[in-house]
Amino acid sequence: MAAARKHKRMAASQPGFLSFNSGLDGNSSDIKRRKRVNKNKKKNWNKYSDIQDVEEFLDDVRLQEKAAGGLIAEKPDASLFFVDTGEKNKETQPRKIKKVLSLYSLLCHCFFFPAQSITVLFFSLLETTVKKGKRSKPLRIDLILQPDSRIPAPKNVLAFQQPNAKKQRRMAEKAARLAAMGVLPRREKLLQLRRAAAASGLPVKETPVANNNPARAFYDLWSAGTPETADPYYLEQTKKKLVKRPDRLNEKPSVLPAIEVVGPGGSYNPDFFSHQDLLREAHEVEVKKLKAEERLARQLAVKEDIATEESSFKEQVEGLIEEGDVEPEEPEGGSEDTVIGPTATQEKKTEKQRRKEKAQRIKELRRKAERQMIDKQQQLFQLRSIRANLKTQEQRTKQRQAQRKANQEAQKSMPRRLGRLKFQAPDLDVQLSHELAGSLRGLKPEGSILKDRFMSLQKRNLIEPRERAKFKRKYKVKYTEKRAFREIV
Amino acid sequence: MGGLQKKKYESGSATNYITRNKARKKLSLSLADFRRLCILKGIYPHEPKHKKKVNKGSTAPRTFYLLKDIRFLLHEPIVGKFREYKIFVRKLRKAYGKAEWGGVERLKENKPVYKLDHIIKERYPTFIDALRDVDDSLSMCFLFSTFARTGKCHVQTIQLCRRLSVEWMNYIISSRSLRKVFLSIKGIYYQAEVLGQTITWIIPYQFAHDHPTDVDYRVMATFTEFYTTLLGFVNFRLYQTLNLVYPPKLDGQGEISLKPEFEEDYALESESYTEKLSALSASLARMVPSAEEEETELDHFPIEGEDLEKMEVREKMEQEQIKQKKFFEGLKFFLNREVPRESLAFVIRCFGGEVSWDKSLCIGSTYDATDETITHHIVDRPSIDKQYINRYYIQPQWVYDSVNAKILLPVEEYFLGVTLPPHLSPFVEETEGDYVPPEKLKLMALQRGEKPQTEEDEEEEEEEEEEEDDEEDDQSEEEDEAEDEANLAEMEEKRSRGKSLSVKVTPGKAKAENRKRAAEEEKAEEKRLAIMMMKKREKYLYDKIMFGKKRNVREANKLAAKRKAHDDASKEDKKKKKKKC
C-alpha cells in the first residue's frame, strides 16, 4: 500500500502530471498568514498542521483511479482522445473535426468542477453531452421551474451593451490601422526601447553622481564645444542657454590675496630678529586691546565717591550743627539788573523822517558801489597775491583728491561691514621664544588652518562675519529628584 | 513748479539694493539654501555707500545684495534643484515616520542631485581664469583631506579631497613646478609656478587638528563642494597638458617594482592603488610613452643687436632654471620614520630625487635603509645607532632650505644633533636697504657661487665677514651721494692725466675698453646731470626719497650691529661654557 502511494506521489511530482482539481496547482492565492503555535504538543500537530493540500491531492488521485482506472498522466493518448466527427447531433455540432476530451466532459458532468484551463470549447460541447448521458432527461422539478410563458421575455438590452463600446472600437480600429502602417503605441515603443537597451548592456538612465562622490569623473570643461547655431533668444527662452553672467560679478570683492603667507617670524625655526618683530607686533595688538578695555572700565566707573556711613551721617546732620558764623553773602548787584521787555508803542514816522532815511539809503548804496569800483581797480595791483591764492587753493583740492583716492584704494583691501557683526581680526599666531621647538619633530603647530581659512573668507568679503548661534532654551529646566534616589540620599 | 511730488526711497540707491531676507523670499529658498546658492554662484553681499538711504531711513545693520545680482540668480537651474531637495527631505522624513522602508528605498534611489559644471564654466570662462583662482581650492582641499572621519563633514567629501590633492601633488611632481616651501608654525606653505601662474597653498601638519568651534562647517563644506569640482576640472586639464593619463595611473615599470609581498597588510586591495598613488614614490603613466622627457628647446631665430643679447640672457636663465628643476637628481634619500614623510617625499620628488622609507611606515617604499647607494638619510632625532659611512645623516630642514636656495647647501650645518640655522622665509623679498639677516647674506653668496667656508675657521671668518659687512654698510650711507662725485672726480683725473702725458708718440695699443665700466660712468653722469636739472620741487622730493633710503640703511645697520652684539654675547657664553667643561 505504502509503495503504491509512493508511486503515486512520484507520478504526481513529475511535470507531466495532470490534475483534475485546479486548486492543486500549488500557488493557491489565498495563502493566509501562518498561525504561530507551539508544535511541541501532539495535540497541536493534528490541530494546526495544514494537511489540506495533501488531502486534496490524494482525493484527486483516488478520483482519477476511480474514474479512469489509473492516473491520466500515464494513460496513452489514444485511450483518452477520439476524433469527434460530430455527425450524430447535427443541430449543435459544428462541422469541423474537433478533439474532445470525452472523459473529461463526463467527469465534469458528474462533479461539476469549475472550468479548467483547457477548454472553453469544452463548455460549448457540454450541453450536447448532457443529452447523451444517462440522465439526459431533465428532472421534473427543473421543468416546473422553467418559464412556460409563450411570450418571450423582453431582452435586457443593457446586458448586451458594453460601455464605451463605440469609442473602444474606434480606438481599436485606429490602433490596427496604425499598426498596419508600422506605428506602435507609445507603451510598446518604450518597452522595445527598454529591451534593446537591456540587450546592449548599457544602463538605461545615467544616474547622476553626487558632487562629493570620490569616484566621480571629470572631463575637459574648457574644450571648445560645437558652436550654437540656433537663435540665442529662442535658446534663452526655452532655458537651453543660461543667462550671461554679468562681468561685474567676476570682480573680486577684495584685492587681498587668497593665501596670506605669514611673515618670516612665523617660521618654525625663525631668525632671531624677525621673530622679535613678530612678537612686537603681537604685543602692540595686545596693548591696544588692553587700552581699549581700560578705557571702557574707566568710562563705566562710578565717578563720585560712594557714600560711606560717615558721609551719610554728615549729610543728615548738615545744618543742624552750627559751624561758626560764616554766612554766604548773597550777591546783590544782580537783582537790579532785571530785563525789561520792549515797551514799544512806536510812533509813526513823519514824512520828513522818511525822506531823510531814503536819502541816507541811497547814499549808502552809492558809497558801496564806489567802494567796489575802487576795490576792483585795486585788484589789478593785487594780481600776484590773487594768483598765489588760486594756486594754493588748487593745490589743496588736488591734495584732497589724491587723499580721497588713496583712501578708496585702501578701502578695497579692508573688510567691509556686511552684516550685523563687524569683522574682527583674529589673534596673531605667535610662539614665544621658549615655545619654539628646535626641530621639526618637536614642533607644536599653532592656531588652526580651518579657522584661518574661514577668517580669510570673511576678510575678503566673500561671506559676512558670523558667530556661532547661541543656544537658547525655550523652557526652563526643572530639576526633580526621583523618589528612589531621594530615599538613598 | 508743477508735477508730482517725488516719494522717498523709490529710486536711486534704495532700489538698487535688496536685503538678504527679501532676496531669500524672492527666490523662495531657506536661508541655508540661499547662502549655499550665493557661495556656489559667487555672489557676495555688498556694502552700500549710503546705508541709511538704502535701508529706507533705518540704521539697523543689515546684509545687502545688489538687486541685479539676485535677479541674475533667478535664472539659475540649481534653485529648482534646491526646492526639489527640500521636498525630497520632507518625503523621506514622512516615509521614515511611517516606517515605509520600501518607500524610503525608492526615495533614496531617486535623490535629486545637482551639478556644478555649468557654474564653473560660467564663473571661469577660460582655463587660465580657473587656474588663477585655484589657490583657495587647493588650501581647502588639502585641509579637508586631513580631517578625521568623525562626522564633522561627509566622509565622501574627505575622500574626494584626498584624491584631488594627491592628483595635484602628482602633477606638480611630474611637471617639476614647485618653487618655494616654507615651514611655518601654522602649516607648510608651498608655491608653484603652473603655466606661468604663481600658485600658493598651505598644508596643515599631520595630526594637528582640534576642531575649532567658531567656524561654520556648513559654509566651509559648501565652499569645499565648489572647490573640489573646480580642482577636479583643473587637474584634468593639467594632466592633459602634460600628456598624462587621467585619472592618474602609475607608470608600468614602476608598478612591477612596487610589489612587496606584504602589501595586503598595509591596505585593502581596493584601496592599495590609491594609497600607492598617494605615496608619491612612483612616476605616472603617460598617454604617449615619451622617450625620456624630451627637453623643449627654445626656437632659434636670427636676431640682431640688442635682441640677441636679450635672447642670450634669457637662454641662460632658461638653462639655469632647467638645472634648478632637477638639482636633487642622482641623490637617493631615505626618510626615517619620525620625519614628515609626505611633505618630504613631495619636495624631494619635485626636484628629481629618489626617495624611500621604511616598509612598515607606508606603502610604496622602493628600497631599504640598508641600501648602499643611499646618499642622504633624513633623521630628526638627536642620535642614531647604526650609521653607514657613505651617506650623510641630516635633518629635514636641509631639504627645504636647499629647495629655497635652489642649490645643494653644505650639509655640515644640518648634521645630526647640530643646532640648525634659522629657517628663513622664501616669501620675503628684501628691497634695497632693508635689513638682511646674515644667514641670508651667506646664502646669497653661496648662490653666487662663492665657495663655502670650512668649518674650522668659519667662526673667525664669519666675524671678519661681518665686520666687513658693517663697514660696507657704513660706507653705503655715504656711497649713495658720494658715488656720483667720486665717479666724476675719477673721470676728471683721468682726463687731466691724459693732458699731462709726455708728447712722445708711442705705437698705438688697442686700449682694452672696459665697456661695463664706461657704461656705468655714463649712467652716473646722466644721473648727476638729471639731479642738477631738477626743478626745485622735484629736487625736494628727491632729497626726501634719498633721505628715506638712508634712514632705512641706517636702521638696517643698527639691526646688524645689534645682531652682532647678540652673536658676540652668545659666542662668549659658549666659550665660557667650553672653558667650564
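**Student:** Please set out helix α11 (residues 155-175) of chain B residue by residue, giving values where relevant.
**Tutor:** Three or four residues apart is the spacing at which side chains of an α-helix point the same way, because the helix has 3.6 residues per turn. With 21 residues, α11 of chain B should cover 30 Å at 1.5 Å per step; its first-to-last C-alpha distance of 30 Å lies within 8% of that length. Counting buried residues in α11 of chain B gives 17 out of 21 residues, a clear majority hidden from the surface.

**Student:** An account of the interface of chain B and chain A is requested, with residue identities and associated values reported.
**Tutor:** Facing 107 residues of chain B, the contacting portion of chain A comprises 71 residues. A buried area of about 7700 Å², summed over both sides, lies between chain B and chain A, and 63% of it is on carbon and sulfur atoms. For the chain B face of the interface with chain A, the top three residues by lost area are I185, K186 and F233 of chain B, together amounting to 11%. Connecting chain B to chain A are 15 salt bridges. Between R216 of chain A and D117 of chain B there is a salt bridge, and its shortest N-O distance comes to 3.8 Å. On the surface where chain B and chain A come into contact, there are 35 residue pairs in polar contact (both at pLDDT 80 or more). Tallying contributions element by element places helix α12 (residues 217-241) of chain B first for the side of chain B that touches chain A, with 13 residues. Classifying every residue of the side of chain B that touches chain A gives 55 nonpolar, 23 polar and 29 charged.

**Student:** Would you mind going over the sheet that holds strand β5 (residues 197-204) of chain B in detail, with residue names and values included?
**Tutor:** Backbone-to-backbone hydrogen bonds join strands into a sheet, with any given pair of strands oriented parallel or antiparallel. All names here are of chain B. Ordered in space as β3-β4-β5, the 3 strands form an open sheet in which the pairing is antiparallel. The open sheet has two free edges, formed respectively by β3 (178-183) and β5, since each of these has just one partner strand. The mean angle between the axes of side-by-side strands here comes to 15 degrees, regardless of whether they run parallel or antiparallel. Pairing geometry for β3 and strand β4 (residues 187-194), over 5 bridges, is antiparallel. Among the inter-strand pairings, V181 is bridged to a residue of β4, identified as Y190.

**Student:** Pulling in residues and values, what's your account of unusual backbone geometry?
**Tutor:** Residues and elements named next belong to chain B. Put simply, Y246 and P247 share a cis peptide bond, and its omega is -10 degrees. With respect to the helices and strands, P247 occurs in the loop between α12 and α13 (252-257). In this structure, L195 is a non-glycine residue whose phi angle is positive, near 50 degrees. Following the sequence through the fold, L195 ends up in the loop between β4 and β5. By relative accessible area, which is 41% here, L195 ends up partly exposed.

**Student:** Now, about the packing of helix α17 (residues 449-459) of chain A against helix α10 (residues 134-145) of chain B: what can you tell me, with residues and values included?
**Tutor:** When two helices pack together, their arrangement is given by the angle between the helix axes and the distance between those axes. The contact between α17 of chain A and α10 of chain B brings their axes to 10 Å, and the two run at 150 degrees. With respect to their mutual orientation, α17 of chain A and α10 of chain B come out roughly antiparallel. Both α17 of chain A and α10 of chain B take part in a crossing whose hand is left-handed. Contacts between α17 of chain A and α10 of chain B involve I449, L450, R453 and L457 of chain A on the former and, on the latter, D136, S139, M140, L143 and F144 of chain B. Of the residues that constitute the contact of α17 of chain A with α10 of chain B, the class distribution is 6 nonpolar, 1 polar and 2 charged.

**Student:** Requested: an account of the nonpolar core, with residues and values cited.
**Tutor:** Residues and elements named next belong to chain B. W168, I172, L178, W201, F328 and F346 are the most contacted members of the largest nonpolar core, which totals 129 residues. Considering each element in turn, this core owes the most residues, 13 residues, to α12. Setting aside anything within four residues of it in sequence, one finds F346 in contact with M169, I172, I173, L178, Y190, W201 and L280.

**Student:** So what's going on with the sheet that holds strand β8 (residues 376-378) of chain B? Which residues, and what values?
**Tutor:** Residue and element names in this part refer to chain B. Read across the open sheet, the 4 strands follow the order β7-β6-β8-β9; overall the sheet is parallel. Each edge of the sheet is formed by a strand with only one pairing partner; in this case those strands are β7 (354-357) and β9 (392-394). In this sheet, adjacent strand axes meet at a mean angle of 25 degrees when their direction is disregarded. Bridge analysis of β8 against β9 gives 3 bridges, and the strand direction is parallel. Following the sheet pairing, I378 is matched in β9 by I394. Against the sheet, helix α17 (residues 341-350) makes contact with β6 (332-335), β7 and β8, and its axis sits at roughly 160 degrees relative to β7, the strand it touches most.

**Student:** Got a sec to walk through the pattern of salt bridges? Specific residues and values, please.
**Tutor:** Applying the stated rule across the entire model yields 44 salt bridges over all chains. With its nearest N and O atoms 3.3 Å apart, the salt bridge here joins E357 of chain A to K349 of chain A. Take K349 of chain A: its relative accessible area is 41%, and that puts it in the partly exposed class. When the shortest N-O distance is used, the salt bridge between R176 of chain B and E329 of chain B registers 3.6 Å. Of this pair, R176 of chain B sits in the loop between α11 and β3 while E329 of chain B is found in the loop between α16 (306-325) and β6, placing the two residues 153 residues apart along the sequence. R176 of chain B sits in the buried class, given a relative accessible area of 17%.

**Student:** A description of the pairing of β5 of chain B should follow, citing residues and the corresponding values.
**Tutor:** When you tally the buried positions in β5 of chain B, you get 7 out of 8 residues, the bulk of the element. Two successive antiparallel strands, β4 of chain B and β5 of chain B, enclose a turn made up of 2 residues, where L195 of chain B displays a positive phi of approximately 50 degrees.

**Student:** Pulling in residues and values, what's your account of the confidence of the model for chain B?
**Tutor:** All names here are of chain B. When the pLDDT values of chain B are averaged, the result is 82; 81% of them are 70 or greater. Put simply, helix α20 (residues 458-500) is where chain B has its lowest mean pLDDT, 49, and strand β2 (residues 64-66) is where it has its highest, 95. Low confidence marks residues 254-258, where pLDDT is under 50. Its contacts with residues over four positions away, or in another chain, come to 10 contacts. Scored below 50 in pLDDT, residues 291-295 shows 3 contacts in the model against residues more than four places distant or in partner chains. As scored by the predictor, the complex reaches a pTM of 0.65 and an ipTM of 0.76.

**Student:** Describe the environment of E432 of chain B, naming the residues involved and giving the relevant values.
**Tutor:** Its location among the elements puts E432 of chain B in the loop between α18 (397-405) and α19 (438-448). Taking the C-alpha atoms as reference points, E432 of chain B and V553 of chain B, separated by 121 residues in sequence, lie 8.5 Å from one another.

Here is what the cut-offs are and how they apply
- Residues numbered from 1 in each chain as written.
- Chains lettered and ligands numbered in written order.
- Predicted model: local features only at pLDDT ≥ 70, side-chain atom pairs only at ≥ 80, totals over all residues.
- Heavy atoms only, no water.
- Helix = DSSP H or I, 4+ residues; strand = E, 2+ residues; numbered from the N terminus.
- Expected span 1.5 Å × (residues − 1).
- Buried < 20%, exposed > 50% of the residue type's maximum accessible area, 1.4 Å probe, protein only.
- Contact = heavy atoms within 4.5 Å.
- Buried area = accessible area lost by both parts, 1.4 Å probe.
- Salt bridge = Lys/Arg side-chain N within 4 Å of Asp/Glu carboxyl O.
- Polar contact = N/O pair within 3.5 Å; in protein donor to acceptor, adjacent residues only side chain to side chain.
- Nonpolar A, V, L, I, M, F, W, Y, C, P; charged D, E, K, R; others polar.
- Pairing = 2+ DSSP bridges.
- Axes fitted to C-alpha atoms, helices over the stretch in contact; angles between N-to-C directions.
- Parallel < 35°, antiparallel > 145°, perpendicular 65-115°, else oblique.
- Left-handed = near helix turned anticlockwise from the far one by under 90°.
- Core = buried A, V, L, I, M, F, W, Y, C linked by side-chain atoms within 4.5 Å.
- pLDDT = per-residue confidence, 0-100.

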